[in-house]
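Residue-level listing of the chains:
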Amino acid sequence: MTADRPEPIHDLAHLGIHGILSPTPDETIGYFHDLLGMDVVAQDGDSTYLRSFNTYETWTIKITAADRAGLEYVSWRMDSPQALERRVRWLEENGFAGRWVDPDQGIGPAYEFLDPDGHPFRIYWETEVYVAPDDKKPVIPTNFQAYVGRGANVKHLDHVNLLARDVRRCRQFWEDGFGIRTYETILMPDGVKEAGAWMSSTLQGHELIYTAEKTTGSGRLHHFAYAVESREEVLRAADIMADARIYIEAGPSKHTAIQGFYLYTREPGGNRIEVANGGYFRFAPDAETYVWTADEWKLKPGWGAPIPPEFHVYGTPVVEELAEDAAQVPVLGPADL
Ligand SMILES: [Fe+2]
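Computed from a predicted model, the values in this text were never measured in an experiment. (Residues numbered from 1 in each chain as written. Predicted model: local features only at pLDDT ≥ 70, side-chain atom pairs only at ≥ 80, totals over all residues. Heavy atoms only, no water.)

(A) The arrangement of the overall build of the protein chain in detail. Tallying secondary structure elements over the protein chain gives five helices and 18 strands in all. Taken against the 2.2 N^0.38 rule, which gives 20 Å for 337 residues, the C-alpha radius of gyration of the protein chain at 19 Å falls within 12% of a compact globule. Overall size of the protein chain, expressed as C-alpha extent along the three principal axes, is 55 × 45 × 40 Å. The buried share among the 337 residues of the protein chain stands at 54%. Contacts in the protein chain between residues far apart in sequence, at least 24 positions, make up 68% of those at least 6 positions apart. A total accessible area of about 14,500 Å² is found for the protein chain, and carbon and sulfur atoms account for 52% of it. Once the 31 positive and 52 negative side-chain charges of the protein chain are each reduced to a mean point, those two points are 3 Å apart. (Helix = DSSP H or I, 4+ residues; strand = E, 2+ residues; numbered from the N terminus. Rg over C-alpha atoms; globule rule 2.2 N^0.38 Å. Buried < 20%, exposed > 50% of the residue type's maximum accessible area, 1.4 Å probe, protein only. Contact = heavy atoms within 4.5 Å. Areas by Shrake-Rupley, 256 points an atom, 1.4 Å probe, with all protein chains shown as cover. Lys, Arg positive; Asp, Glu negative; His and termini not counted. Charge placed at Lys NZ, Arg CZ, Asp CG, Glu CD.)

Dropping the structure here:
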């Protein structure tokens with residue numbers, strides 16, 4: 001608790017809308033609709049827009065047909081129009097200039113730029129609040145739409161995990177430019193490079209995660225995670241996914257970092273998707289980052305089934321070739337990521 005704490009930046013409101021690419025869009029939409037429980041709200045060309053029921057914005061995710069799986073973009077809603085202007089100015093003055101993107105299905109204009117690993121991000125202020133049609137009106141007016149109860153019944157986006165060749169650089173980019181807080185990091189055996197960083201613009205233990213990229217790829221997606229109401233619903237989601245012949249890569253189990261309960265699947269297009277519950281909140285505004293040394297991490301506190309080695313290599317788009325320094329990255333299992 002230092003007395004000379006610089007004034008923190010509070011310009012990010014929360015993780016926002018996001019887009020993925022799929023080589024099998026019909027099957028991917030089926031997974032999000034039937035198995036995750038999202039509703040289709042719009043269609044435009046090769047893109048389909050779906051929403052999770054506890055999302056106040058009109059839509060949650062955009063699925064676009066493409067020749068391979070991967071990330072289209074991640075976004076943040078900003079705290080105000082002024083916050084958006086301030087952060088665009090910072091990006092342009094610090095070598096991360098991007099471009100303005102027209103509103104998309106009521107959301108935006110957005111400013112698109114690349115993080116240091118090449119992941120496309122967007123920031124926006126203007127958004128369209130969802131108005132439920134009569135057959136989806138909730139009985140409680142503080143809900144956004146009636147309870148869905150289909151499939152895993154996901155409520156809202158929980159977090160995104162991106163692979164990065166230089167986790168430290170990506171973390172510092174968000175801390176310096178956007179005031180994001182980092183709740184946990186894991187160091188590599190050299191004590192300098194980072195194997196993972198868990199960050200958030202809110203009290204929630206993680207909204208944005210970077211973990212070390214072991215291949216020669218860049219700008220790759222590790223997973224998007226959607227929240228359900230309870231641990232029991234994660235177990236129920238596993239039954240639903242198994243019967244639908246969806247590949248379950250890891251879980252249900254509990255993470256050590258941030259301590260969320262997880263189930264990792266691959267949607268039919270190949271992108272890794274998590275059904276998640278829990279994770280801690282950090283209420284202290286000056287909470288210190290917990291830094292795991294590689295030795296400490298090897299003890300793997302916590303519990304859970306082993307995570308397969310592919311979990312630390314597979315991402316989308318798929319890249320097979322391992323980087324020369326891949327062996328330095330500690331194996332983050334069984335209790336994590
Ligand atoms: Fe996750």
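Anyway, onward from the coordinates.
(B) Highlighting the UniProt feature "domain: VOC" (unreviewed entry) in the protein chain. UniProt marks residues 11-126 and 156-278 with the feature "domain: VOC" (unreviewed entry), using the numbering shown here. For residues 11-126, helix accounts for 21% and strand for 41%, while the C-alpha atoms at its two ends are 14 Å apart. Here residues 156-278 is 20% helix and 46% strand, with 13 Å between the C-alpha atoms at its ends. (UniProt positions renumbered as here; feature names shortened; annotations may be inferred.)

(C) Expanded view of the sheet that holds strand β14 (residues 221-227). Taken in spatial order, the nine strands make up an open sheet running β15-β16-β17-β14-β10-β13-β12-β11-β18, and their pairing is mixed. Among the strands making up the open sheet, the edge pair consists of β15 (248-254) and β18 (290-292). Averaged over all pairs of adjacent strands, the angle between strand axes in this sheet comes to 15°, irrespective of strand direction. Here strand β16 (residues 260-266) pairs with strand β17 (residues 272-278) via seven bridges, running antiparallel. Residue Y264 lies in a different strand from β17, and its bridge partner there is E274. Of the strands in this sheet, β10 (156-164), β11 (181-187), β12 (194-200) and β13 (208-212) touch helix α3 (residues 167-178), which is tilted by about 20° from β12. (Pairing = 2+ DSSP bridges. Axes fitted to C-alpha atoms, helices over the stretch in contact; angles between N-to-C directions.)

(D) Inspection of helix α1 (residues 25-35) at higher detail. Among all positions of α1, only T28, I29, Y31, F32 and L35 are buried. One or two steps after α1, the chain reaches G37, where phi turns positive at roughly 90°.

(E) Structural detail: the packing of helix α2 (residues 81-93) against α3. Two numbers describe how α2 lies on α3: the axes approach to 10 Å, and their chain directions differ by 125°. Compared by their axis directions, α2 and α3 come out oblique. Contact residues: R87, W90 and L91 in α2; F173, D176, G177 and F178 in α3. (Parallel < 35°, antiparallel > 145°, perpendicular 65-115°, else oblique.)

(F) View of the side chain of T182. Relative to the helices and strands, T182 is located in strand β11. Given the relative accessible area of 5%, T182 is considered buried. A polar contact of 2.5 Å, which involves the side chain of T182, links it to the side chain of E175. The residues contacting T182, other than those within four sequence positions of it, are R171, E175, A197, W198, M199 and T289. (Polar contact = N/O pair within 3.5 Å; in protein donor to acceptor, adjacent residues only side chain to side chain.)

(G) Just the pairing of strand β2 (residues 18-22), in detail. In terms of residue burial, β2 counts as a mostly covered element, since four of its five residues are buried. In terms of strand pairing, β2 meets strand β5 (residues 61-65) through five bridges, oriented parallel. By the bridge assignment, H18 is partnered in β5 with I61. With three bridges connecting them, β2 and strand β6 (residues 70-78) associate as antiparallel partners. Its bridge partner lying in β6, L21 is registered against G70.

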